[in-house]
Amino acid sequence: MCWSAQADLVVGSAVTAVGVLCLVRAHRAGRPERLPLAALPLVLGVHQLIEAAVWLGADGDLAAAPAAWARTAWAVIALPLLPLLVPIGVRCAARVDRPRQRLLTGFVVLGLLVAVPLAHTVATHSVGATAHAHTLDYRLGAPYPALLLAGYLLATVGSLLLSGDRLLRRLGLLTGIGALVCALLWQLAFVSTWCALAALTSVLLLRWTTSPLPTARPRTS
């Protein structure tokens, strides 16, 4: 899991299989509103598999052109896609009262505000990646990185914590703490370790796809 191409290949294959199972279970349970978030493990699994190719490029074992494509594909998923997919998935699946629905919609808007400049950066800059200890240091040159990172984490972790679902709140808490640890321990490779952590939490989403629907809180006047 981000330590090498081989580790990414093993973890990515396992998480991809979990992702397919999440979608199948959500579909069979007759819960289409859960499908966007149930797709997250599949996206993260593919993301890890792509990073295996990034590792090969960083180690000089992959030609320059496919290595560049792998880095770009990795960045597209990690940067503009995830801060949109997570809050949208939570918003679709949430069964909460109207005030919390508005807050979740706000997280979707925040995710969009983060994703747009990140998507522009990926489209206009080349993505670099070098091996740093046992993980990868990605370089993109995004503007206002601290501000975008704060918005990224707020949109993803915040939406999970306010989802009104016990398992999703647990997922948000786990990823939030893990993101802090990753930032403290591997500052130069934060995004790489953060995405590996997110992939490892996919087992919680597998359980969530068939968990009972939470009861929406009654509206108060």
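Provided above is the structure to which this section pertains.
Residues numbered from 1 in each chain as written. Predicted model: local features only at pLDDT ≥ 70, side-chain atom pairs only at ≥ 80, totals over all residues. Heavy atoms only, no water.

Whenever I open this one, the overall build of the protein chain confuses me. Can you help?
Of regular secondary structure, the protein chain possesses nine helices and two strands. Listing every helix and strand of the protein chain by position from the N terminus yields α-α-α-α-α-β-β-α-α-α-α. Counting all 221 residues of the protein chain, 47% fall into the buried class. Considering only intrachain contacts with a sequence separation of at least 6, the fraction spanning at least 24 residues in the protein chain is 73%. Here the protein chain displays about 10800 Å² of accessible surface, and carbon together with sulfur accounts for 70% of that area. (Helix = DSSP H or I, 4+ residues; strand = E, 2+ residues; numbered from the N terminus. Buried < 20%, exposed > 50% of the residue type's maximum accessible area, 1.4 Å probe, protein only. Contact = heavy atoms within 4.5 Å. Areas by Shrake-Rupley, 256 points an atom, 1.4 Å probe, with all protein chains shown as cover.)

Can you help me understand the environment of Ser13 in this one?
Topologically, Ser13 is positioned in helix α1 (residues 5-28). For the pair Ser13 and Gln48, spaced 35 residues apart in sequence, the C-alpha to C-alpha distance is 8.1 Å. A distance of 2.8 Å separates a polar side-chain atom of Ser13 from the backbone oxygen of Leu9. (Polar contact = N/O pair within 3.5 Å; in protein donor to acceptor, adjacent residues only side chain to side chain.)

Explain unusual backbone geometry to me, please; I cannot follow it from the model alone.
Glycine aside, residues mostly have negative phi, and peptide bonds are mostly found in the trans state. The phi torsion at Tyr144 lies on the positive side, around 45 degrees, for a residue other than glycine. With respect to the helices and strands, Tyr144 occurs in the loop between β2 (135-139) and α6 (145-161).

Would you mind going over helix α5 (residues 98-124) with me for this structure?
Along an α-helix, residues three or four apart share an orientation, since each turn contains 3.6 residues. With 27 residues, α5 should reach 39 Å at 1.5 Å per residue; the first-to-last C-alpha distance of 39 Å fits that figure. Considered for burial, the residues of α5 that qualify are Arg100, Leu104, Phe107, Val108, Gly111, Val114, Ala115, Leu118, Thr121 and Val122. At its buried positions, α5 is contacted by α4 (64-93) and α6. Backbone nitrogen of Arg100 and a side-chain oxygen of the N-cap are separated by 3.1 Å at the start of α5; the cap is Asp97. (Expected span 1.5 Å × (residues − 1).)

Explain empty space enclosed by the protein here, please?
To find leftover empty space, one rolls a probe the size of a water molecule over the atoms. Tallied over the entire structure, the rule returns two cavities of 30 Å³ or more. Approximately 60 Å³ is the volume attributed to the second largest cavity. In this structure, the second largest cavity is lined by 10 residues; those nearest its centre are Ala93, Ala94, Asp165, Leu168 and Trp208. When its residues are assigned to classes, the lining of the second largest cavity shows six nonpolar, one polar and three charged. (1 Å grid on protein atoms, 1.4 Å probe; cavity = no way out; pocket = protein on both sides within 12 Å on 5 of 7 lines; lining within 4 Å. Points joined across faces, edges and corners; volume = space filled by probe spheres on them. Nonpolar A, V, L, I, M, F, W, Y, C, P; charged D, E, K, R; others polar.)

When you look at the nonpolar core in this model, what are you seeing that I'm missing?
In terms of nonpolar packing, the biggest core is built from 46 residues, with Leu40 and Leu205 touching the most fellow members. In terms of residue count, the dominant contributor to this core is α4 (11 residues). Leaving out residues up to four positions away in the same chain, Leu40 has contacts with Leu82, Leu85, Val86 and Leu205. (Core = buried A, V, L, I, M, F, W, Y, C linked by side-chain atoms within 4.5 Å.)

Looking at this structure, I do not really get the side chain of Asp165. What am I missing?
As for its placement among the helices and strands, Asp165 is situated in the loop between α6 and α7 (166-185). Salt bridges are absent for the buried Asp165, whose nearest opposite-charge side chain, Arg34, sits at 4.1 Å. From its side chain, Asp165 meets the backbone nitrogen of Leu168 in a polar contact 3.2 Å long. Looking at Asp165, its side chain comes within polar contact range of the side chain of Trp208, at 3.4 Å. (Lys, Arg positive; Asp, Glu negative; His and termini not counted. Salt bridge = Lys/Arg side-chain N within 4 Å of Asp/Glu carboxyl O.)

Can you help me understand the packing of aromatic side chains in this one?
How two aromatic rings sit relative to each other is given by the distance of their centres and the angle of their planes. Scanning all chains against the criterion turns up one aromatic pair. Between the aromatic rings of Trp74 and Tyr138, the centroid separation amounts to 3.7 Å while the plane-to-plane angle is 5 degrees, which identifies the pairing as stacked. One end of the pair, Trp74, is in helix α4; the other, Tyr138, is in strand β2, and 64 residues separate them in sequence. Tyr138 gets classed as buried once you look at its relative accessible area, which sits at 16%. (Phe/Tyr/Trp six-rings, centres within 6.5 Å; stacked < 30°, edge-to-face > 60°.)

In this structure, what is going on with α1? I would like to understand it.
End to end, α1 covers 34 Å across 24 residues, agreeing with the expected 34 Å (1.5 Å per residue, within 8%). Those residues of α1 that sit buried are Ala5, Ala7, Asp8, Val11, Gly12, Val15, Thr16, Gly19, Cys22 and Ala26. Positive phi appears at Gly30, one or two residues downstream of α1, with a value of about 70 degrees.

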